[in-house]
Amino acid sequence: IYSCCCLSRRLNQLSNHDPLWKRHCKKYWLISEEEKCQRNQSWKAIFFSTYSDLGRYIQYYATLKKAWDDLEKYLGQRCPRMIGSLKESVREEDLDAVEAQIGCKLPDDYRCSFRIHNGQKLVVPGLMGSMALSNHYRSEDLLDIDTAAGGFQQRLGLKQCLPLTFCIHTGLSQYMALESVEGRNKYEIFYQCPDQMARNPSAIDMFITGTSYLEWFTSYVNKVVTGGYPIIRDQIFRYVHDKECVATTEDITVSVSTSFLPELSSVHPPHYFFTYRIRIEMSKDALPEKACQLDSRYWRITNAKGDVEEVQGPGVVGEFPIISPGRVYEYTSCTTFSTTSGYMEGYYTFHCLYYKDKFFNVTIPRFHMVCPTFKVSTARMVRDAETNHNEYAVDEDEDSTDTDEYEDRRRVLDIPAPAGRCPRHT
């Protein structure tokens, strides 16, 4: 008994050792020394008061709080007006009320994030990234909890799915599955993609964008704060740049970044739409007489089946840019594939401004485009199983389409026309 009493006394002393709780406060709640001084409490008291409020999120809170802090700091320096669109945190009872309203449990990582920030107002630009191409524009907002609950789906094809994002121009949303139904995994995140060849309106294919809210949100934030997504005109643009996708010819460097557009793509029929952003830059150390003008482009486009299409044409996006030492020219264009991946490469032909009869080619590095993982609708799979053959088989031999020829050869898809317009980036 005496030994137990001594042990308990010792454990009691250890449990009240404040530096022990300092470590836990910093690890789990990201409490700083400055915040501790402001609260005028011991580390132990801070730990337990915070735990009483956020204890169920202890395995998620530090990761999500750091992501939000990093994002706010980064945007505060580059897109300050976007910070003003963020909403304050919600209470536990608000999240409980939403669960009661929709009849489904929300995942703890999702709840935890909304205890930090309740999404954003429906504004432009959206926190979850923008995309602009000719007359097509989208910018996705991170929905607040009440707006998300109002968009909760129970219809066939999107049963028990909660919208996470929304674009006011296109109506595009990313959804999170709250239950494992209709071929989805629980908490999987996706863009819906109607099967345009199925008679059943509930036949909805899915482009997968995340396996959980934590993975989806933190991976996006990491891309933003590390510069993986460029900031253009106070907006986050979801272009991915491969650092190896750069080619230098003499004093001119060409680099390419790409993006997949789910709202202009479909699985059935197979039509995968990509946009790419090209940067052409002449070294600032180049001699003045190196100034030149772009005359034409040549593309070699290869799909996943090895089919090759060659395209030549004057200028780029209707322009004939002049490049001089230190000058950068950028433009955005697009292409489509009937296969889930493909690549492009080619060259630009320039002529010198000082020696007008001198022409030379500048290499465009090979860049690959791959659509995200997708799932075929369960309605289609059931139909195929019943008929024992693919009633909706699609010929995948259609050619890909180069950007600048795209407007004249564009296929009409069953998608809403975008309400917003955005000029090409120059």
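Structure's up top.
Please read all numbers here as calculations on a predicted model, not as lab measurements.

1. As for the packing of helix H2 (residues 18-29) against helix H4 (residues 43-54)
Next, step 1: H4 packs onto H2 with a crossing angle of 35° between their chain directions and a minimal axis gap of 8 Å. Our pair here, H2 against H4, has a crossing hand that is left-handed. Along its contact with H2, which presents Asp-18, Trp-21, Lys-22, His-24, Cys-25, Lys-26, Tyr-28 and Trp-29, the element H4 presents Trp-43, Lys-44, Ile-46, Phe-47, Phe-48, Thr-50, Tyr-51 and Leu-54.
Next, step 2: In terms of residue class, the contact of H2 with H4 is made up of 10 nonpolar, 2 polar and 4 charged.

2. Quick look at the environment of Glu-92
Next, step 1: Relative to the assigned elements, Glu-92 resides in helix H7 (residues 92-102).
Next, step 2: Overall, the relative accessible area of 15% leaves Glu-92 in the buried class.
Next, step 3: For the pair Glu-92 and Phe-114, spaced 22 residues apart in sequence, the C-alpha to C-alpha distance is 9.5 Å.
Next, step 4: Among all residues touching Glu-92, those that are not within four sequence positions of it are Asp-53, Arg-56, Tyr-57, Arg-111 and Arg-115.

3. Structural notes on the packing of aromatic side chains
How two aromatic rings sit relative to each other is set out by the distance from centre to centre and by the angle between their planes.
Next, step 1: Inspection of the entire model under this criterion finds 25 aromatic pairs.
Next, step 2: Their ring planes at 65° and their centres at 5.7 Å tell us that Tyr-276 and Trp-299 sit as a pair that is edge-to-face. Here Trp-299 lies in strand E14 (residues 292-303) and Tyr-276 lies in strand E13 (residues 272-282), a separation of 23 residues in the sequence. Each member of the pair Tyr-276 and Trp-299 is classed as buried.
Next, step 3: Plain terms: the ring middles of Tyr-329 and Tyr-331 are 6.0 Å apart, the flat faces sit at 40° to each other, and that makes the pair tilted.
Next, step 4: Of the aromatic side chains, those joined through ring pairs into one cluster are Trp-21, Trp-29, Phe-47, Phe-48, Tyr-51 and Tyr-61.

4. What to know about the sheet that holds strand E20 (residues 374-375)
Next, step 1: Read across the sheet, 5 strands follow the order E4-E6-E7-E8-E20 without closing on themselves; strand pairing throughout is antiparallel. In this open sheet, the two strands that pair with only one neighbour each are strand E4 (161-163) and E20.
Next, step 2: Note that E4 and strand E6 (residues 174-177) share 3 bridges and pair antiparallel. Looking across to E6, one finds that Cys-161 is bridged to Ala-177.
Next, step 3: Packing of helix H10 (residues 213-225) onto the sheet brings it into contact with E6, strand E7 (189-194) and strand E8 (204-210), and relative to E8 it is tilted by some 60°.

5. Comments concerning the environment of Gly-315
Next, step 1: Within the secondary structure, Gly-315 sits in the loop between strand E15 (308-314) and strand E16 (322-323).
Next, step 2: The exposure class assigned to Gly-315 is buried, which follows from its relative accessible area of 0%.
Next, step 3: Between the C-alpha atom of Gly-315 and that of Tyr-348, which follows or precedes it by 33 residues, the distance is 8.5 Å.
Next, step 4: With near-sequence residues (within four places) excluded, Gly-315 lies in contact with Leu-294, Asp-295, Ser-296, Arg-297 and Phe-320.

Reading guide: rules and limits
Residues numbered from 1 in each chain as written. Predicted model: local features only at pLDDT ≥ 70, side-chain atom pairs only at ≥ 80, totals over all residues. Heavy atoms only, no water. Axes fitted to C-alpha atoms, helices over the stretch in contact; angles between N-to-C directions. Helix = DSSP H or I, 4+ residues; strand = E, 2+ residues; numbered from the N terminus. Left-handed = near helix turned anticlockwise from the far one by under 90°. Contact = heavy atoms within 4.5 Å. Nonpolar A, V, L, I, M, F, W, Y, C, P; charged D, E, K, R; others polar. Buried < 20%, exposed > 50% of the residue type's maximum accessible area, 1.4 Å probe, protein only. Phe/Tyr/Trp six-rings, centres within 6.5 Å; stacked < 30°, edge-to-face > 60°. Pairing = 2+ DSSP bridges.

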